[in-house]
Amino acid sequence: MAKFSGSFELKEPPPWQNCCYCGSSTSTSSSASSSATATSNLRQQQLQKQPIQQSQQLLSFKTPADFVRHLRQHHCTVEGGSYVCRYGYNGVCSSLPLDGVSDRDYEMHVNRCHVNQQQKESQVKWSVFSAAQNLPAVLNDPSRSKQTHFFTKKWGDAFVENQSIGTSPQLPDIKWDHFDFYLKRIGKRYRVHNRIAKTALPNSSSQNQAQQHQQPVVSDRLPNGATANLKDIPEVFLKHNLELHSPASFVAVFPGIGNDGEQAKQSSRLLQEKLSHYLDIVEVLIAKQVAEKSSAFFHAMTSQDAIMEQMREAATHVSRLRSRLKLIDDTIVRESLQTIHLERIRSNKNIVLERLKLMSTVHQTQPMIQLLLSTQDYVAALDLISTTQEILSQELVGIHCFRHLPSQLSEMERLIDKMLTTDFERYSTADLNRPFASGQRAAEKVLEEDKLICIISGLLRKRNVDFIDTYKQEAITTVRAIVKQMVIEVIASGDAEICLTGAGEEAQSLSLSEWIVLLETATGTLLKLLKRVRSVYDVMQQTADASAGKITDDVSFIDTEAFLCTKDYEVVKTKLGNLLQSVCNYCHERCANLVSNQSLEKSSVSAEQIAKLTEIVDRFSDGCEDVCGIQSVPLKLALRAQGTRYAQKFHSERKSKMALLLDSERWKQAEVPTEFQKMAESISKGEFLWKNKSKEVNGTPVSSPPPQGVLLVDGQPFALVGAALLLVQIVSEYCRCASQLPVIATQLARNVIDLLRTFNSRSCQLVLGAGALHVAGLKTITSGNLALVSRALQLVLWLLPHVKRHFQSLEPNGTSSGSTTILTGYDSIEKDFASHIKEIENKVLAIVCDLVTNQLANWDARPPVPSQPFRNISRQFVKLHEAIAPVLPDKQVATIYRVVHKNFKDKLREQLLRNNITNNGGPQHATVVSELTFYMETLRTLQVMPVEELRDETLDDIWLK
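**As for the overall build of the protein chain**
Part 1: Scanning the protein chain for helices and strands turns up 30 helices and 6 strands.
Part 2: Going through the 961 residues of the protein chain one by one, you find that 35% of them count as buried.
Part 3: Sequence-distant contacts in the protein chain: of pairs separated by 6 or more residues, those separated by 24 or more amount to 75%.

Spelled out as structure tokens, the structure:
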């Protein structure tokens, strides 16, 4: 496909992109075929070369460096150290034909003549508008008269004056990229076509030669018999502008003109012959060219008269057509155009009439705005102003009488905005500071609801949502004033002179009862204020819903037009939600300032007063949640802080009391008063709210029953020390306090764990660690002391599940993470008590087992029977029984004696082995049997073990088999 450029503005690729002489389809042979001066022999050679060139593979390069490298390898020869360029037809470069140059000069030649040639030479791009007209078209041009001077013109591009014709806007901008898809698609077909063309080449060439012989041949021979060739004429004579006044051109045309003598004459003669020869060549070639075009020339001359006759007939027809068109214009078209013109006048007058009516309406705008403002219809007034401004800016532009109206309307709009803001501030102040309705549950009505709706609608129409923040600040100011007024009233009712703080809360010098009354009064008043704020909030929300086109059931908003966009509606909704939340939180914060006051630390607070405080806080929190729909934290946190202080004080007092009781305890069995027995029975039922009521008969108090020796718990006796009884009482106080004050139940549960852990560790230090010898003045720690401690710990183990269930029942939301930690603490303390009991039991066993080991170490099987060691062992068993049997349960006593009995048999077996005494019926064997009989009788007398475990056969395992 031939490359072209022109009106399509196809950008020709640079010369270095393809090699024109190594298989490129864009060879100069195709361009030479279009030249009018080429000979028929050259055309034949081109036709023979073209299929061969098209069949070759296209060579393309991405960069100029690749193209230069290709020229060095395939189009360059080196002759004696000089480089000869072979890039051209037949291996001859047109710019550097036969001269050899150095490597550097060759590089410069390639870059100048082959790589950057297109950039240096300004070529005129060919287009369809640049094509010259042929001779028949010029002679038959209807716009020109018969021409007589064209015989004096030279035929060529300048035969007809060139006219610049612009690029057609209908033609698209075609670039080389548009042909990529086409080239890829027909590539396969093109290669097949080339193969077919190669096979058909001989036939086609012979056919062309036959056609050529049929055509008349014009001779191109010179008078001297040589062939005329334009290439024989130097290039200087072929230039369009031959300037002989130029020294270079003059020297090229007249060489040797400056020589003297005979040499000058010969040069002149030779120059004359050359010029004559050049003239002959030109004349022969012109004659040949005229001979070739003679048929077309004479045909044009013969057809000129016929064409002119046809042109005259066409002019006659055109004249007749114009007369008929004039008749149609006079009879039909003008009347229709007149009708259209009149209709247009009528339409313009109607437009003027409508415009005058609109001006009359606009003229009544200001009085109508005043009327709407007098009825507090702010939305309608603002809509009227907006509509009027829109009409003035679009339909009444340039009306001189209304030139000041837009500024007046803008000023009036700003005045309405300021009026709305002022009216809303006055309404907020009047509504929030008016007296409250009497009664705790009296309904709060909105003050002048219709006026409020009009003001809010106007503010929303102006997209002024700051009124919500204004109302919030006014509500907060009112809350601050109410709390300060309450404090002033409480202080004024007393006799003491007190200075108020800057915040307005001063309760440090008030009594606790006055302080609670102050808090109760303040919370009640603030709750009424919150209900009033909620009523205004509902009106604001309904107005915003109606303004945004939301469905509302209120009759007042049925005819309201939606003017609030979705984005502004979301902003208003967010601000309204923040209004309730902020006011409610501020009320809680002001009340929390009262609760967090330091007066609680200066006075002795009872559980009943803390319970009253909790009731006030819960009632206020529930009321705020009902009104606002949210839960506030500050007040409850302040209450929890006060409860924590009370719990810490409560715990420190009882912990100190328990420590004093343990330090003064003598670890002897104490009597159990009736009150403690009733307390244990109540705890068994899961009740810690027991009361010690004294019985009266005829107004005379009846004495309570005498105290008992043991505490009956679920039918099981517990012999206890006084500290254990008081521990149960203290734990019961914790449980009762938690029931009365659920807010600190979790902390009290932790305090109970700490109290029990203190009791366990301190009792272990005093008894197992023998600390009671120094603190209480005991002489020794006996088995009875150990048994009493063990029994006290067992009572605590019985008490723990009841306490645990009690605190679990006080959890408001079931088992939470905090309660899980508490339950884990109870499980841990239960393991500690069980471990302590086991240590005490091991201590008792260690004492008895050591005694048995010492006695048997000095024993020998010889009379008298029973021996003194066995008598001592029996005596210690009796003492141990007397110490632990009244205290510990029978099962535990049996376990202790079972371990002691097993230890006795092990030690006796070792002694028999050491003395080499066997079961052989000898004297020593008889002595051992007598000793064992005495031992077993002692155990049977104590009745500490089952009868089947005290048979004589149970001692057979002491003898070695």
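There's more to say after this.
**Some remarks on the packing of helix α24 (residues 745–768) against helix α26 (residues 783–809)**
Part 1: Direction vectors running N to C along α24 and α26 enclose 170°, while the axes themselves pass 12 Å from each other. Classified by the angle between their axes, α24 and α26 sit roughly antiparallel to one another. Every residue of α26 that contacts α24 at Ala745, Leu748, Ala749, Val752, Leu756, Phe759, Asn760, Ser763, Val767 and Leu768 is listed here: Leu786, Val789, Ala792, Leu793, Val796, Leu800, Val803 and Phe807.
Part 2: Across the contact of α24 with α26, the residue classes break down as 16 nonpolar, 2 polar and no charged.

**A short note on unusual backbone geometry**
Part 1: Omega for the bond connecting Pro863 with Pro864 falls within 30 degrees of zero, at 0°, which places this linkage in the cis form.
Part 2: With respect to the helices, strands and loops of the structure, Pro864 is situated in the loop between α27 (817–857) and α28 (868–884).
Part 3: For the peptide bond that leads from Val865 to Pro866, omega is -5°, which places it in the cis range.
Part 4: Looking at where Pro866 falls in the secondary structure, it is placed in the loop between α27 and α28.
Part 5: Its identity is not glycine, yet Asp714 carries a phi of approximately 55°, on the positive side.
Part 6: Given the relative accessible area of 60%, Asp714 is considered exposed.

**Notes on the side chain of Gln892**
Part 1: Structurally, Gln892 can be placed in helix α29 (residues 890–915).
Part 2: Given a relative accessible area of 11%, Gln892 falls into the buried group.

**Section: the environment of Asp952**
Part 1: Within the fold, Asp952 resides in the segment after α30 (923–942).
Part 2: Residue classification places Asp952 among the partly exposed positions, given a relative accessible area of 47%.
Part 3: Along the primary structure Asp952 and Leu932 are separated by 20 residues, whereas in three dimensions their C-alpha atoms are 8.5 Å apart.
Part 4: Every residue in contact with Asp952, bar those within four places of it in the chain, is listed here: Met936 and Arg940.

**Side note on the packing of aromatic side chains**
Part 1: According to the stated counting rule, one finds 15 aromatic pairs in the structure shown.
Part 2: For the ring pair Tyr83 and Tyr106, a centre distance of 5.8 Å and an interplane angle of 25° mean the geometry is stacked. Taken as a pair, Tyr83 in strand β2 (residues 82–85) and Tyr106 in helix α4 (residues 103–115) lie far apart in primary sequence, 23 residues in all.
Part 3: Residue classification places Tyr106 among the buried positions, given a relative accessible area of 1%.
Part 4: Put simply, the rings of Trp859, Phe870, Phe877, Tyr897, Phe904 and Tyr935 touch in pairs and so form one group of aromatic residues.
Part 5: The ring of Phe650 carries Arg654 above its face, with NZ or CZ at 3.6 Å from the centroid.

**Structural notes on α30**
Part 1: The end-to-end C-alpha distance of α30, which contains 20 residues, comes to 30 Å, matching closely the 28 Å that a straight helix rising 1.5 Å per residue would cover.
Part 2: Within the sequence span of α30, burial applies to His925, Thr927, Val928, Glu931, Leu932, Tyr935, Met936, Thr938, Leu939 and Leu942.
Part 3: Against α28 and α29 lie the buried residues of α30.
Part 4: Gln943 sits one or two positions beyond α30 and adopts a positive phi of about 55°.

**Quick notes on the pattern of salt bridges**
Part 1: Per the counting criterion, the structure on display carries 20 salt bridges.
Part 2: Among the ionic pairs, Asp906 bridges to Lys902, the shortest N-O distance being 3.5 Å. A residue pair is termed a helical-turn pair when its members lie 3 or 4 positions apart in one helix, as Asp906 and Lys902 do in helix α29 at 4 residues.
Part 3: Among the ionic pairs, Lys905 bridges to Asp957, the shortest N-O distance being 3.3 Å. Of this pair, Lys905 sits in helix α29 while Asp957 is found in the segment after α30, placing the two residues 52 residues apart along the sequence.
Part 4: Residue Asp957 is classed as partly exposed on the basis of its relative accessible area of 38%.
Part 5: Ionic contacts of the salt-bridge type, sharing partners, join the residues Lys326, Asp329, Asp330 and Arg334 into one network.

**Considerations on the confidence of the model for the protein chain**
Part 1: Here the protein chain averages 76 in pLDDT, while 78% of its residues score no lower than 70.
Part 2: With pLDDT under 50 throughout, residues 201–217 is counted as low confidence; its partners more than four residues away or in other chains account for 7 contacts.
Part 3: Predicted confidence for residues 693–698 stays below pLDDT 50, and this span has 6 contacts to residues more than four positions away or in other chains.

**Let's talk about helix α12 (residues 365–374)**
Part 1: Along α12, the residues classified as buried are Thr365, Ile369, Leu372 and Leu373. Down the axis, α12 shows its buried residues gathered within 100° of arc, on one side only.
Part 2: For α12, the elements touching its buried residues are α11 (262–363), α13 (378–394) and α14 (405–433).
Part 3: Two residues or fewer past α12, Gln376 is found with a positive phi of approximately 60°.

**Here we look at the environment of Met540**
Part 1: Positionally, Met540 belongs in helix α17 (residues 512–547).
Part 2: Met540 gets classed as buried once you look at its relative accessible area, which sits at 2%.
Part 3: Between the alpha carbons of Met540 and Ile456 there is a distance of 6.9 Å; along the sequence they are 84 residues apart.

**A look at the packing of helix α23 (residues 722–740) against α26**
Part 1: Remark: α23 packs on α26, axes separated minimally by 11 Å, with the N-to-C direction vectors making an angle of 5°. Classed by the angle they form, the pair α23 and α26 counts as roughly parallel. Contact residues: Ala724, Leu727, Val728, Val731, Tyr734, Cys735, Ala738 and Ser739 in α23; Ala792, Leu795, Val796, Leu799, Val803, His806 and Phe807 in α26.
Part 2: Residue classes in the contact of α23 with α26 are distributed as 13 nonpolar, 2 polar and no charged.

**Concerning the nonpolar core**
Part 1: Counting residues in each nonpolar core, the largest one holds 178 residues, and the members touching the most others are Phe807, Phe877 and Tyr897.
Part 2: When residues of this core are assigned to their parent elements, the largest contribution, 15 residues, is made by α17.
Part 3: Filtering out sequence-adjacent residues up to four positions away, Phe877 remains in contact with Val848, Val852, Tyr897, Val900, Tyr935, Leu939 and Leu942.
Part 4: Counting 15 residues, the second-largest nonpolar core is a separate cluster that includes Trp16, Cys76, Leu96 and Val115.

**A few points about a nonpolar patch on the surface**
Part 1: Side chains of Leu321, Leu325, Ile328, Ile332, Val333, Leu337 and Ile340 sit close together on the surface and give an oily, nonpolar patch of about 640 Å² of accessible area.
Part 2: Structurally, Ile328 can be placed in helix α11.

**Considering a negative patch on the surface**
Part 1: Judged by side-chain charge, Asp618, Asp622, Glu625 and Asp626 come together as a negatively charged surface patch.
Part 2: Topologically, Asp626 is positioned in helix α20 (residues 607–628).

**Digging into the state of the cysteines**
Part 1: Summed over all chains, the structure comprises 0 disulfides.
Part 2: Here Cys93 is not cross-linked by a disulfide; its sulfur's nearest cysteine counterpart is in Cys85, at 3.7 Å.
Part 3: Residue Cys93 is classed as buried on the basis of its relative accessible area, which comes to 1%.

The rules behind the values
- Residues numbered from 1 in each chain as written.
- Predicted model: local features only at pLDDT ≥ 70, side-chain atom pairs only at ≥ 80, totals over all residues.
- Heavy atoms only, no water.
- Helix = DSSP H or I, 4+ residues; strand = E, 2+ residues; numbered from the N terminus.
- Buried < 20%, exposed > 50% of the residue type's maximum accessible area, 1.4 Å probe, protein only.
- Contact = heavy atoms within 4.5 Å.
- Axes fitted to C-alpha atoms, helices over the stretch in contact; angles between N-to-C directions.
- Parallel < 35°, antiparallel > 145°, perpendicular 65-115°, else oblique.
- Nonpolar A, V, L, I, M, F, W, Y, C, P; charged D, E, K, R; others polar.
- Phe/Tyr/Trp six-rings, centres within 6.5 Å; stacked < 30°, edge-to-face > 60°.
- Lys NZ or Arg CZ within 6 Å of the ring centre and 35° of its normal.
- Expected span 1.5 Å × (residues − 1).
- Salt bridge = Lys/Arg side-chain N within 4 Å of Asp/Glu carboxyl O.
- pLDDT = per-residue confidence, 0-100.
- Arc of directions from axis to C-beta.
- Core = buried A, V, L, I, M, F, W, Y, C linked by side-chain atoms within 4.5 Å.
- Patch = residues over 30% accessible without salt bridge, like charges linked within 9 Å, V, L, I, M, F, W, Y side chains within 5 Å.
- Areas by Shrake-Rupley, 256 points an atom, 1.4 Å probe, with all protein chains shown as cover.
- Lys, Arg positive; Asp, Glu negative; His and termini not counted.
- Charge placed at Lys NZ, Arg CZ, Asp CG, Glu CD.
- Disulfide = S-S within 2.5 Å.

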